Amino acid sequence: MQHVANLARREEARQEQVAIEVANLSHVYAGAQGAVPALEDISMRVGAGRFVVIVGPSGCGKTSLLMMLAGLRSQGQGTILCHGRPIPDPDPQRVGVIFQEASLYPWLTALDNIEFPLSLRGARDRETREERRERAEAMLKLVGLEGFGERYPHELSGGMKQRVSIARGLVQDPPVLLMDEPFAALDEQTRMTMGHELLRIWSTTSKTVVFITHSLTEAVYLADEVLVMSARPGRIIDRIPVALPRPRSYEMMATDVFGQLRERIWQQIRKTP
């Protein structure tokens, strides 16, 4: 019942506001051989609480787009708004980012890695050490690693490291979470488990998620909507709603509807030059 209530609240939120709005975004890199168009006229809207997945061929600008959404890379022409305001610089309290590599500090325990972003802003926010530790422990529990807080990164599996990375991205409670192929380095079984766990966390936190992947199965399994990008310069060539019921289950992957959605994405990617 709690899960159903979370979904209902998210549906109300998505009807009320837009979390991310991109309008007419284009970007050109200065390459060794001259100007290289990377993105062309990207426009997209992501409703609050939505889970949107971006797919496309390698080199189409998916990561560049994500870095601009995070304020980690300067944008070219066009506008990017997060809850109605620009993101000129990184702001982890508004937008959290999780990368393909967990990038944990090897000299810190799992719990200390999660707490680290809070310690950077502790003096400014007047948050006590005990309060920071309590928040970090809550995130550790949320990602299913309760009891592993004192382990160091070398003592954790790849999937456990990514759970710590997700917890670190969530600990500042940003309303928007950007994820750049976070499960790409994991084996298939762990990847499927992590996808299922991510949906559980998303359902619990009601974050807005923008997720990049090369896996079409992963895209359909996770998304409310899949955005398909063309080859460079990257453009959005299709928007595919995924009307599969939630909570999602592995059994859905064997259904005709799931297969048809996956095939539609693949055909769009195939036809790009």
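Residues numbered from 1 in each chain as written. Predicted model: local features only at pLDDT ≥ 70, side-chain atom pairs only at ≥ 80, totals over all residues. Heavy atoms only, no water.

(A) Local environment of helix α8 (residues 256-270). Taking 1.5 Å per residue, 15 residues should reach 21 Å; α8 reaches 21 Å between its end C-alpha atoms and fits that length. Of the positions making up α8, those classed as buried are Phe258, Leu261, Ile265, Gln268 and Ile269. The arc that holds the buried residues of α8, viewed along the axis, is 105 degrees, so those residues lie on one side. Turned more than 90 degrees away from the buried face of α8, the exposed residues are Asp256, Gln260 and Arg270. (Helix = DSSP H or I, 4+ residues; strand = E, 2+ residues; numbered from the N terminus. Expected span 1.5 Å × (residues − 1). Buried < 20%, exposed > 50% of the residue type's maximum accessible area, 1.4 Å probe, protein only. Arc of directions from axis to C-beta.)

(B) Quick look at the packing of aromatic side chains. For the structure on display, the rule yields six aromatic pairs. Ring geometry for Phe51 and Trp202: centres 5.5 Å apart, planes at 85 degrees, overall edge-to-face. Of this pair, Phe51 sits in strand β3 (residues 51-55) while Trp202 is found in helix α6 (residues 188-205), placing the two residues 151 residues apart along the sequence. Where Phe51 meets Phe211, the ring centres are 6.0 Å apart and the plane angle is 40 degrees; that geometry is what we call tilted. (Phe/Tyr/Trp six-rings, centres within 6.5 Å; stacked < 30°, edge-to-face > 60°.)

(C) Representation of the sheet that holds strand β4 (residues 77-82) within the structure. Pairing within the open sheet is antiparallel, and its four strands lie in the order β2-β1-β4-β5. Unpaired on one side and paired on the other, β2 (34-47) and β5 (85-86) mark the two borders of the sheet. Examined bridge by bridge, strand β1 (residues 18-31) and β4 share five bridges and lie antiparallel to one another. Bridge pairing links Val22 to Ile80 in β4. Seen against the sheet, helix α2 (residues 62-69) touches β1, β2 and β4 and runs at an angle of roughly 120 degrees to β1. (Pairing = 2+ DSSP bridges. Contact = heavy atoms within 4.5 Å. Axes fitted to C-alpha atoms, helices over the stretch in contact; angles between N-to-C directions.)

(D) Summary view of the sheet that holds strand β9 (residues 225-229). The mixed open sheet is built from six strands, whose spatial order is β6-β7-β8-β3-β9-β10. A strand with exactly one partner marks an edge of an open sheet, and here the two such strands are β6 (95-98) and β10 (236-241). For this sheet, the mean angle separating the axes of adjacent strands, direction not counted, is 15 degrees. By the bridge criterion, five bridges tie strand β7 (residues 176-180) to strand β8 (residues 208-212) in an arrangement that is parallel. From the neighbouring strand, Leu178 faces β8, where its bridge partner is Val210.

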